[in-house]
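Spelled out from the first residue to the last, the chains are:
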Amino acid sequence: GCIGMITVIILANVTGKPRNTNDMHATCLDDLEGEAAAVTRQILLNHAEHISAENTKQYLVYLVGIFFNTQSPIARANIVWLISYYCLRQLPDDNMSSLPSAAVVVSGMAVYAPNVLRELTRRFVDEEITVKLQALRLGLIVALKGDDAGRSLFLHLLELARYDMNYDVRDCARWIRGLANNWDV
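These figures come from a predicted structure and were not determined experimentally.

Remarks on the packing of helix α6 (residues 109–122) against helix α7 (residues 129–144)
Part 1 of the reasoning: The interhelical angle for the contact between α6 and α7, taken along N-to-C directions, is 140°, at an axis separation of 10 Å. Relative to α7, the element α6 lies oblique. Considering the relative orientation of α6 and α7, their crossing is left-handed. Two secondary-structure elements touch here, α6 through Ala113, Pro114, Val116, Leu117 and Leu120 and α7 through Val131, Ala135, Leu138, Gly139 and Val142.
Part 2 of the reasoning: For the contact of α6 with α7, a count of residues per class yields nine nonpolar, one polar and no charged.

Here is the structure:
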């Protein structure tokens, strides 16, 4: 409750503010955004039994909105991870008994995932490595959902990752492509 609200208030006050990239203050705001998103992620995961499903959904929807405005790679990676986590929990044949109750009840992240993936694909070349790796994970989950548009977006993302300058991103894309081929994605 209270700590979650504090991190959301911090995110609300620093996200999307105009910044001079050479300004040390801008770097501090980016760091603060990233840390607030990381704390929110930990609260949602470690204290799910104390947070109602409705509050969890409100936090997640708010974080999705922040995703489109933040420049902080840490915040972006954490938000994409959370979207992936809750989308993954909605896949059919998933063993729901081992998940926190909020993870089962929170639905609707699958609605936001394609838009977030579209934005990640559009900015993929300029993203930090951690965000690129989370984008590949989200892409696979969206493709597994069975939507043809999601599949084609995922395949385009894999092509972008195939030629990335970072070998970790390229290796991850090859590994995910192998998984996707096994599942006929």
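Points about the confidence of the model for the protein chain
Part 1 of the reasoning: Averaged over every residue, the pLDDT of the protein chain is 77; the share at 70 or more is 71%.
Part 2 of the reasoning: When mean pLDDT is taken per element in the protein chain, α7 scores highest with 94 and helix α5 (residues 101–105) scores lowest with 45.
Part 3 of the reasoning: Within the model, pLDDT remains below 50 along residues 17–21, and this stretch shows six contacts once partners closer than five positions in the same chain are excluded.

Details of α7
Part 1 of the reasoning: Taking 1.5 Å per residue, 16 residues should reach 22 Å; α7 reaches 23 Å between its end C-alpha atoms and fits that length.
Part 2 of the reasoning: Turning to α7, its buried residues are Val131, Lys132, Gln134, Ala135, Leu136, Leu138, Gly139, Leu140, Ile141, Val142 and Ala143.
Part 3 of the reasoning: On its buried side, α7 packs onto α4 (73–88), α6, α8 (148–162) and α9 (167–182).

Topic: the environment of Leu117
Part 1 of the reasoning: Take Leu117: it is sitting in helix α6.
Part 2 of the reasoning: It is 8.9 Å that separates the C-alpha atoms of Leu117 and Leu157, two residues lying 40 residues apart in sequence.
Part 3 of the reasoning: Apart from residues no more than four positions distant in its own chain, Leu117 is found in contact with Ala135, Leu138, Gly139, Val142, Leu153 and Leu157.

A short note on the nonpolar core
Part 1 of the reasoning: Of all hydrophobic cores here, the largest spans 42 residues; its most connected members are Ile83, Val116, Leu120, Leu136 and Leu138.
Part 2 of the reasoning: Among the secondary structure elements, those contributing two or more residues to this core are α2 (24–46), α3 (53–67), α4, α6, α7, α8 and α9.
Part 3 of the reasoning: Here this core takes nine residues from α4, the largest share from any one element.
Part 4 of the reasoning: Excluding residues within four positions of it along the chain, Leu138 makes contact with Val80, Ile83, Ser84, Ala113, Val116, Leu117 and Leu120.

Regarding the packing of aromatic side chains
Part 1 of the reasoning: Taken as a whole, this structure holds three aromatic pairs when the rule is applied.
Part 2 of the reasoning: Each ring, one from Phe67 and one from Phe68, has its centre 5.3 Å from the other, and the planes form 80°; the classification is edge-to-face.
Part 3 of the reasoning: When the centroid spacing of 5.0 Å and the interplanar angle of 85° are considered together, the rings of Tyr85 and Tyr86 count as edge-to-face.
Part 4 of the reasoning: Pairwise contacts between aromatic rings join Trp81, Tyr85 and Tyr86 into one cluster.

Concerning the pattern of salt bridges
Part 1 of the reasoning: Tallied over the entire structure, the rule returns nine salt bridges.
Part 2 of the reasoning: In this structure, Asp164 engages Lys132 in a salt bridge whose closest nitrogen and oxygen atoms are separated by 2.5 Å. Of this pair, Asp164 sits in the loop between α8 and α9 while Lys132 sits in helix α7; the two residues are 32 residues apart in sequence, bridging distant segments of the chain. As far as burial versus exposure is concerned, Asp164 and Lys132 are alike and both buried.
Part 3 of the reasoning: For Arg177, the salt bridge identified is with Glu159, shortest N-O distance 3.0 Å.

Thresholds applied
Residues numbered from 1 in each chain as written. Predicted model: local features only at pLDDT ≥ 70, side-chain atom pairs only at ≥ 80, totals over all residues. Heavy atoms only, no water. Axes fitted to C-alpha atoms, helices over the stretch in contact; angles between N-to-C directions. Helix = DSSP H or I, 4+ residues; strand = E, 2+ residues; numbered from the N terminus. Parallel < 35°, antiparallel > 145°, perpendicular 65-115°, else oblique. Left-handed = near helix turned anticlockwise from the far one by under 90°. Contact = heavy atoms within 4.5 Å. Nonpolar A, V, L, I, M, F, W, Y, C, P; charged D, E, K, R; others polar. pLDDT = per-residue confidence, 0-100. Expected span 1.5 Å × (residues − 1). Buried < 20%, exposed > 50% of the residue type's maximum accessible area, 1.4 Å probe, protein only. Core = buried A, V, L, I, M, F, W, Y, C linked by side-chain atoms within 4.5 Å. Phe/Tyr/Trp six-rings, centres within 6.5 Å; stacked < 30°, edge-to-face > 60°. Salt bridge = Lys/Arg side-chain N within 4 Å of Asp/Glu carboxyl O.

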